[in-house]
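# Descriptive analysis of the structure
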Amino acid sequence: MKSTARLFNRHFILLFFSLLTLCFCHGMVCIELPLYLTDAGYGTTAAGYLTAAFAVVAMLSRVFGGRLTDRFPKTAVVAAGCLLYALGCALFPAFSGIGFLLLFRMINGMGYSAATTASYAACADVCPQERVGEGIAYFGIAQNIASAFSAMLLLAILRRWGYPVSFRASAAAGGIAALCALAARCRTGAAAPKAEKKKFSIRDYYEKSALPVGLTMFIVNLGFGIIGMYLTLFAVGRGYANPGLFFTISTVVMMVTKAAAGRVGERVPSMAIIVGCSLIGAVGMLLIALVDSEPVFYFAGVLYGLGSGANISRLDAEVYRRAPASRRGAATGTYMFFADLSFGASGLLWGSLMDVLPHETVFLLCAAVLAASAFAAPVLLRGGKTAEAVKE
């Protein structure tokens, strides 16, 4: 299938809505499970176990999900992952034992990992190849939209119908995501030649060109990771009236920034965006830590949305700029492995430090990590060849 000049073609839109629906499903379940477990008498410790089980399985599944994405039709892998996630959601209200719930959350982890890995690789295939970076930036906005509105949708369902209906709604959303993916078609790119049967090779399960981008992502996400997990706790401790407004502001800025970074990134070197936005994020962390002012706190939300949105969208694009088309699945899995790893590491590191250090000090450490990422990125990403250069 030849590349079309249209970025927002039918296949892109179907994949976008597939990711959007899956992320709504995932966002609702992530918020609902702690509430459900607390009401069932298990407490927040059990919710922590389920979160850990999801994260570990999702991280490990990235490796195999990338390999599957390169071997089978990408949209079929997306659909299978969405259906796996839907299955876990449908089973939650049917069994109440914590062992069952852990198993179902692990099924969620496998499905989400496979679906998101294949979604981004498929998106790179359906975009005009000269506009892949821009397309990936727009594509990632689906996750921001779901993040902004999934809690509102969940609470509306819970108030009217309760947990069973909410879990079923999440399962239905997973099914809709699968149908959208199956309706899309993507080219396979320059497929790797099918050689005679060869022995197992670990090289088949990761993409070397994505390793420096993944390591950069790990450092950047480690610095930004405190926001989603512990900012509300920090803001409540300071007595701010509406900490949620920070997330609304940052989400809107992030969506606008991702779209702008996609277009500008085709003309401005990625390194300038990555370094500059890491420093902008560091300034935001400094303001949160050092200035006890609610308006300044919300302004830091603008800086967080700007720094995180543009930075991550350019790193996403860098993965596909470097990886051969036939290895996009492995490249996506490798890259997202580091993103998952940084999510778990930031939760553990910053959570532990906030128990023993003043919260302001921990945010200063996050600023230091982001500043360090600005210096590390040029070293890690130096000399990376494009996919075209690799072919030559």
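Attention here is on the structure that accompanies the text. (Residues numbered from 1 in each chain as written. Predicted model: local features only at pLDDT ≥ 70, side-chain atom pairs only at ≥ 80, totals over all residues. Heavy atoms only, no water.)

### A look at the packing of aromatic side chains
Quick reminder of the rule: Think of it this way: a Phe, Tyr or Trp ring, Trp meaning its six-membered ring, pairs with another when their centres are within 6.5 Å, and the plane angle makes it stacked under 30 degrees, edge-to-face over 60, tilted otherwise. We count a stretch as a helix when DSSP gives it H or I for four or more residues in a row; a strand needs E for two or more, and each element gets its number in order from the N terminus. Here the term buried applies to any residue with accessible area under 20% of the maximum for its type, exposed to any over 50%, and partly exposed to those in between, with areas from a 1.4 Å probe on protein chains only.
Under the criterion given, the structure shown has 22 aromatic pairs. On the basis of an interplanar angle of 35 degrees and a centroid distance of 5.3 Å, the ring pair of Phe92 and Phe167 is categorised as tilted. Taken together, the residues Phe92 in the loop between α3 (74–91) and α4 (98–126) and Phe167 in helix α6 (residues 163–183) connect sequence positions 75 residues apart. Just as Phe92 is buried, Phe167 falls in that class too. Feature note: the residues Tyr36, Phe92, Phe95, Phe100, Phe104, Tyr163 and Phe167 constitute an aromatic cluster, connected by ring pairs.

### What to know about the pattern of salt bridges
Selection rule: Whenever a carboxyl oxygen of Asp or Glu lies within 4 Å of a side-chain nitrogen of Lys or Arg, that contact is scored as a salt bridge.
Following the criterion strictly, the structure yields nine salt bridges and no others. Residue Glu134 is joined to Arg131 by a salt bridge in which the shortest nitrogen-to-oxygen separation is 3.1 Å. Relative accessible area serves as the criterion here: at 4%, Glu134 is assigned to the buried category. Arg131 sits in the partly exposed class, given a relative accessible area of 24%.

### Considering the side chain of Thr116
Rules: Contacts described as polar in this section are N or O atom pairs within 3.5 Å, which, within protein, must combine one atom able to donate a hydrogen with one able to accept it, while residues neighboring in sequence count only if both atoms come from side chains. Only heavy atoms enter the contact rule, under which two residues are in contact if any of them lie within 4.5 Å.
Positionally, Thr116 belongs in helix α4. A distance of 3.4 Å separates a polar atom in the side chain of Thr116 from the backbone oxygen of Ser113. Apart from residues lying up to four places away in sequence, Thr116 is in contact with Leu19, Leu22, Arg62 and Met336.

### Some thoughts on the state of the cysteines
Rule in force here: Cysteine sulfur atoms that pair up within 2.5 Å are treated as a disulfide.
Taken as a whole and judged by the stated rule, the model has zero disulfides. In this model Cys25 remains outside any disulfide bridge; the closest cysteine sulfur is found in Cys89, 3.9 Å from its own.

### Considerations on helix α8 (residues 226–238)
The condition is simple: Two axes are fitted around each residue, one to the seven residues ending there and one to the seven starting there, and the angle between them is reported as the bend at that residue.
In α8, a bend of some 30 degrees at Thr232 exceeds every other bend along the element. Every buried residue belonging to α8 is among Ile226, Ile227, Tyr230, Leu231, Phe234, Ala235 and Arg238, and all of these are buried. Directly after α8, the chain includes Gly239, whose backbone phi takes a positive value near 85 degrees.

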